[in-house]
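Breakdown of the fold
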Amino acid sequence: MNAMDFNNAEPQRAMGDLIPDNTVCLVVATLRPGGEGPGGWLKANNDRSCLMADFEFTIDGGEFDRRKFWSLFVVDGQTDGQQKAANISRSKLRAMLESAYGVQPGDTSPDAVAKRQIAGWQAFDGLKFCAKVGIEVGKLKVPAAGPNSERYPDKNVLKAAITPDEIIYINPGPQAAGMKTAGAALTSAANAAGGAVQQAVQQASAAKPSWAS
(Lines give C-alpha, C1' and ligand atoms only; values in the text may rest on other atoms or scores of the structure.)
Protein backbone atom coordinates (compact mmCIF):
# COMPACT_ATOMS: atom_id res chain seq x y z
CA MET A 1 0.00 0.00 0.00
CA ASN A 2 1.38 3.42 -0.97
CA ALA A 3 1.86 5.97 1.79
CA MET A 4 -0.43 9.01 1.74
CA ASP A 5 0.92 12.39 2.85
CA PHE A 6 -1.55 14.92 4.26
CA ASN A 7 1.02 17.52 5.31
CA ASN A 8 0.03 19.78 2.41
CA ALA A 9 -3.67 19.68 3.29
CA GLU A 10 -5.08 22.86 4.83
CA PRO A 11 -5.73 22.64 8.59
CA GLN A 12 -9.36 21.92 9.45
CA ARG A 13 -11.34 25.04 10.30
CA ALA A 14 -13.56 25.07 13.33
CA MET A 15 -17.29 24.82 12.66
CA GLY A 16 -18.88 28.23 12.77
CA ASP A 17 -15.67 30.01 11.74
CA LEU A 18 -17.45 32.44 9.44
CA ILE A 19 -15.90 35.03 7.16
CA PRO A 20 -16.59 38.40 8.86
CA ASP A 21 -19.64 40.33 7.71
CA ASN A 22 -18.94 42.98 5.04
CA THR A 23 -15.62 41.42 3.99
CA VAL A 24 -14.72 42.69 0.49
CA CYS A 25 -12.79 40.29 -1.71
CA LEU A 26 -12.46 38.86 -5.20
CA VAL A 27 -14.43 35.68 -5.86
CA VAL A 28 -14.82 33.19 -8.69
CA ALA A 29 -18.39 31.99 -9.26
CA THR A 30 -19.33 28.39 -9.95
CA LEU A 31 -22.91 27.83 -11.10
CA ARG A 32 -23.98 24.36 -10.00
CA PRO A 33 -26.44 22.85 -12.54
CA GLY A 34 -29.69 21.52 -11.15
CA GLY A 35 -31.18 20.08 -14.33
CA GLU A 36 -33.91 22.71 -14.68
CA GLY A 37 -34.43 25.78 -16.85
CA PRO A 38 -32.52 26.72 -20.01
CA GLY A 39 -29.62 24.36 -20.51
CA GLY A 40 -30.34 22.63 -17.19
CA TRP A 41 -28.38 25.27 -15.26
CA LEU A 42 -31.10 26.05 -12.67
CA LYS A 43 -32.68 24.08 -9.85
CA ALA A 44 -36.30 23.92 -8.69
CA ASN A 45 -37.49 24.25 -5.11
CA ASN A 46 -39.32 21.38 -3.41
CA ASP A 47 -42.79 22.23 -4.72
CA ARG A 48 -41.39 23.35 -8.10
CA SER A 49 -42.97 26.77 -7.74
CA CYS A 50 -39.73 28.61 -8.44
CA LEU A 51 -36.37 28.25 -10.20
CA MET A 52 -33.09 29.16 -8.55
CA ALA A 53 -29.46 29.69 -9.57
CA ASP A 54 -27.27 27.73 -7.17
CA PHE A 55 -23.94 29.55 -6.81
CA GLU A 56 -20.73 28.54 -5.12
CA PHE A 57 -18.24 31.37 -4.62
CA THR A 58 -14.52 30.76 -4.06
CA ILE A 59 -12.45 33.62 -2.66
CA ASP A 60 -9.42 34.43 -4.81
CA GLY A 61 -6.53 35.90 -2.80
CA GLY A 62 -6.22 37.70 0.51
CA GLU A 63 -6.76 36.51 4.06
CA PHE A 64 -9.57 34.12 3.15
CA ASP A 65 -8.06 32.74 -0.06
CA ARG A 66 -9.91 29.64 -1.34
CA ARG A 67 -12.63 29.81 1.28
CA LYS A 68 -16.03 29.02 -0.19
CA PHE A 69 -19.56 30.17 0.47
CA TRP A 70 -22.87 29.54 -1.26
CA SER A 71 -25.95 31.51 -2.31
CA LEU A 72 -29.25 30.58 -3.94
CA PHE A 73 -30.76 33.22 -6.24
CA VAL A 74 -34.48 32.93 -7.00
CA VAL A 75 -34.73 33.80 -10.70
CA ASP A 76 -38.33 32.87 -11.55
CA GLY A 77 -41.39 32.07 -9.50
CA GLN A 78 -45.16 31.88 -9.27
CA THR A 79 -45.87 33.83 -6.07
CA ASP A 80 -45.55 37.58 -5.54
CA GLY A 81 -42.76 36.96 -3.04
CA GLN A 82 -40.85 34.79 -5.49
CA GLN A 83 -41.23 37.35 -8.26
CA LYS A 84 -39.96 40.08 -5.92
CA ALA A 85 -36.99 37.88 -5.03
CA ALA A 86 -36.34 37.28 -8.74
CA ASN A 87 -36.16 41.03 -9.36
CA ILE A 88 -33.63 41.39 -6.54
CA SER A 89 -31.64 38.52 -8.06
CA ARG A 90 -31.62 40.18 -11.49
CA SER A 91 -30.17 43.34 -9.95
CA LYS A 92 -27.48 41.30 -8.19
CA LEU A 93 -26.64 39.35 -11.36
CA ARG A 94 -26.36 42.61 -13.30
CA ALA A 95 -23.97 43.94 -10.65
CA MET A 96 -21.88 40.75 -10.92
CA LEU A 97 -21.41 41.37 -14.64
CA GLU A 98 -20.64 45.05 -14.10
CA SER A 99 -18.12 44.18 -11.41
CA ALA A 100 -16.46 41.51 -13.54
CA TYR A 101 -16.12 43.71 -16.64
CA GLY A 102 -15.50 47.09 -14.98
CA VAL A 103 -18.79 48.63 -16.12
CA GLN A 104 -20.25 51.66 -14.34
CA PRO A 105 -23.92 51.01 -13.38
CA GLY A 106 -25.01 54.21 -15.18
CA ASP A 107 -23.06 53.49 -18.38
CA THR A 108 -25.42 53.04 -21.34
CA SER A 109 -22.79 52.98 -24.08
CA PRO A 110 -23.04 50.14 -26.64
CA ASP A 111 -20.03 48.43 -25.07
CA ALA A 112 -21.56 48.53 -21.59
CA VAL A 113 -24.92 47.31 -22.89
CA ALA A 114 -23.21 44.35 -24.62
CA LYS A 115 -21.37 43.38 -21.45
CA ARG A 116 -24.68 43.06 -19.59
CA GLN A 117 -25.98 40.62 -22.22
CA ILE A 118 -25.20 36.91 -21.94
CA ALA A 119 -25.72 33.85 -24.10
CA GLY A 120 -27.15 31.89 -21.17
CA TRP A 121 -26.64 31.00 -17.52
CA GLN A 122 -23.32 29.34 -18.31
CA ALA A 123 -21.79 32.82 -18.77
CA PHE A 124 -21.81 33.21 -14.97
CA ASP A 125 -19.90 29.96 -14.48
CA GLY A 126 -16.29 31.03 -13.87
CA LEU A 127 -17.04 34.76 -13.60
CA LYS A 128 -14.56 36.62 -11.35
CA PHE A 129 -15.79 39.75 -9.61
CA CYS A 130 -15.52 41.89 -6.48
CA ALA A 131 -17.89 40.73 -3.74
CA LYS A 132 -19.05 41.79 -0.31
CA VAL A 133 -19.59 38.77 1.93
CA GLY A 134 -22.51 38.73 4.35
CA ILE A 135 -23.74 36.53 7.19
CA GLU A 136 -27.23 35.05 7.04
CA VAL A 137 -28.77 34.16 10.39
CA GLY A 138 -29.73 30.50 10.56
CA LYS A 139 -33.39 29.76 9.91
CA LEU A 140 -35.61 28.06 12.47
CA LYS A 141 -35.57 24.27 12.24
CA VAL A 142 -39.24 24.14 13.29
CA PRO A 143 -40.85 27.56 12.60
CA ALA A 144 -43.98 26.64 14.55
CA ALA A 145 -41.85 26.16 17.67
CA GLY A 146 -41.30 29.91 17.97
CA PRO A 147 -38.46 32.40 17.50
CA ASN A 148 -36.42 31.07 20.43
CA SER A 149 -36.39 27.46 19.22
CA GLU A 150 -33.42 25.68 17.65
CA ARG A 151 -31.95 27.20 14.49
CA TYR A 152 -29.68 26.03 11.71
CA PRO A 153 -26.12 27.48 11.91
CA ASP A 154 -25.48 30.96 10.51
CA LYS A 155 -23.77 30.96 7.11
CA ASN A 156 -21.88 33.20 4.73
CA VAL A 157 -23.68 34.42 1.61
CA LEU A 158 -23.09 36.92 -1.18
CA LYS A 159 -24.26 40.23 0.27
CA ALA A 160 -23.54 42.28 -2.86
CA ALA A 161 -21.40 42.51 -5.96
CA ILE A 162 -19.25 45.63 -5.74
CA THR A 163 -19.31 47.77 -8.89
CA PRO A 164 -16.64 50.24 -10.13
CA ASP A 165 -18.53 53.29 -8.82
CA GLU A 166 -17.81 52.23 -5.22
CA ILE A 167 -14.57 53.23 -3.50
CA ILE A 168 -14.14 49.70 -2.09
CA TYR A 169 -14.19 48.14 -5.58
CA ILE A 170 -11.34 45.75 -6.37
CA ASN A 171 -10.69 45.35 -10.09
CA PRO A 172 -10.68 41.61 -10.90
CA GLY A 173 -8.54 42.23 -14.00
CA PRO A 174 -9.04 40.32 -17.26
CA GLN A 175 -11.48 37.45 -17.10
CA ALA A 176 -10.18 33.95 -17.72
CA ALA A 177 -9.70 33.08 -21.40
CA GLY A 178 -13.08 32.67 -23.06
CA MET A 179 -15.13 34.65 -20.53
CA LYS A 180 -15.13 37.77 -22.71
CA THR A 181 -16.64 35.75 -25.53
CA ALA A 182 -19.55 34.67 -23.35
CA GLY A 183 -20.10 38.14 -21.87
CA ALA A 184 -18.73 41.26 -23.53
CA ALA A 185 -18.84 40.10 -27.13
CA LEU A 186 -22.16 38.35 -26.86
CA THR A 187 -24.04 40.62 -29.25
CA SER A 188 -21.94 39.52 -32.21
CA ALA A 189 -21.80 35.91 -31.00
CA ALA A 190 -25.60 35.71 -30.84
CA ASN A 191 -25.78 36.60 -34.52
CA ALA A 192 -23.35 33.83 -35.48
CA ALA A 193 -24.28 30.21 -36.17
CA GLY A 194 -25.63 28.25 -33.21
CA GLY A 195 -22.52 26.09 -33.17
CA ALA A 196 -20.29 29.11 -32.74
CA VAL A 197 -22.29 30.29 -29.72
CA GLN A 198 -22.10 26.83 -28.18
CA GLN A 199 -18.34 26.77 -28.69
CA ALA A 200 -18.02 30.14 -26.91
CA VAL A 201 -20.09 28.80 -24.01
CA GLN A 202 -17.89 25.70 -23.68
CA GLN A 203 -14.76 27.84 -23.68
CA ALA A 204 -16.19 30.02 -20.92
CA SER A 205 -17.00 27.02 -18.72
CA ALA A 206 -13.58 25.46 -19.28
CA ALA A 207 -11.80 28.67 -18.33
CA LYS A 208 -12.36 28.42 -14.57
CA PRO A 209 -9.32 27.89 -12.37
CA SER A 210 -9.00 24.20 -11.39
CA TRP A 211 -9.45 25.04 -7.69
CA ALA A 212 -12.80 26.69 -8.40
CA SER A 213 -14.28 23.50 -9.85
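In this report, the structure presented in the accompanying data block is examined.

What counts as what
Residues numbered from 1 in each chain as written. Predicted model: local features only at pLDDT ≥ 70, side-chain atom pairs only at ≥ 80, totals over all residues. Heavy atoms only, no water. Phe/Tyr/Trp six-rings, centres within 6.5 Å; stacked < 30°, edge-to-face > 60°. Buried < 20%, exposed > 50% of the residue type's maximum accessible area, 1.4 Å probe, protein only. Helix = DSSP H or I, 4+ residues; strand = E, 2+ residues; numbered from the N terminus. Expected span 1.5 Å × (residues − 1). Salt bridge = Lys/Arg side-chain N within 4 Å of Asp/Glu carboxyl O. Core = buried A, V, L, I, M, F, W, Y, C linked by side-chain atoms within 4.5 Å. Contact = heavy atoms within 4.5 Å.

Take the packing of aromatic side chains next. Aromatic rings considered in pairs are described by the distance between their centres and by the relative angle of their planes. The tally for this structure, following the rule as stated, stands at six aromatic pairs. With centroids separated by 5.4 Å and ring planes inclined at 15 degrees, the aromatic side chains of F55 and F57 adopt a geometry described as stacked. Side by side, F55 and F57 carry an identical accessibility label, which is buried. When the ring of F55 is compared with that of F124, the centres are 6.2 Å apart and the planes differ by 85 degrees; the resulting orientation is edge-to-face. With a gap of 69 residues between them, F55 in strand 3 (residues 50–59) and F124 in the loop between helix 2 (110–115) and strand 5 (128–136) connect regions that are remote in the sequence.

Before going further, it helps to spend a moment on helix 1 (residues 80–101). For helix 1, with 22 residues, the first-to-last C-alpha span of 32 Å sits near the 32 Å given by 1.5 Å per residue. What helix 1 keeps buried is the set Q82, A86, S89, L93, A95, M96, L97, E98, S99, A100 and Y101. Taken from the residues just after helix 1, G102 is the one with a positive phi, measuring 65 degrees.

Applying the stated criterion to the full structure yields 12 salt bridges. We note a salt bridge from R48 to E36, for which the minimum N-O separation is 2.7 Å. One end of the pair, R48, is in the loop between strand 2 (43–44) and strand 3; the other, E36, is in the loop between strand 1 (23–31) and strand 2, and 12 residues separate them in sequence. Among the residues examined, R48 registers a relative accessible area of 52% and is labelled exposed. Each of R32, K43 and D54 takes part in one network of salt bridges that share partners.

Formed by 31 residues in total, the largest nonpolar core has its most connected members in F55, F57, F73, M96, W121 and F129. When contributions to this core are tallied by element, the ones reaching two or more residues are strand 1, strand 3, strand 4 (68–77), helix 1, strand 5 and strand 6 (155–161). With six residues, the top contributor of residues to this core is helix 1. If near-sequence neighbours (up to four positions away) are discounted, F73 is found in contact with L51, M52, A53, F55, F57, S89, K92, L93, M96 and L158.

Moving on, we get to unusual backbone geometry. Note: most residues except glycine have negative phi, and most peptide bonds are trans. The backbone of N22 shows a phi angle near 70 degrees, a positive value even though the residue is not glycine. Relative to the assigned elements, N22 resides in the segment before strand 1. Positive phi, close to 75 degrees, is recorded for R66, a residue that is not glycine. Locating R66 in the fold gives a position in the loop between strand 3 and strand 4.

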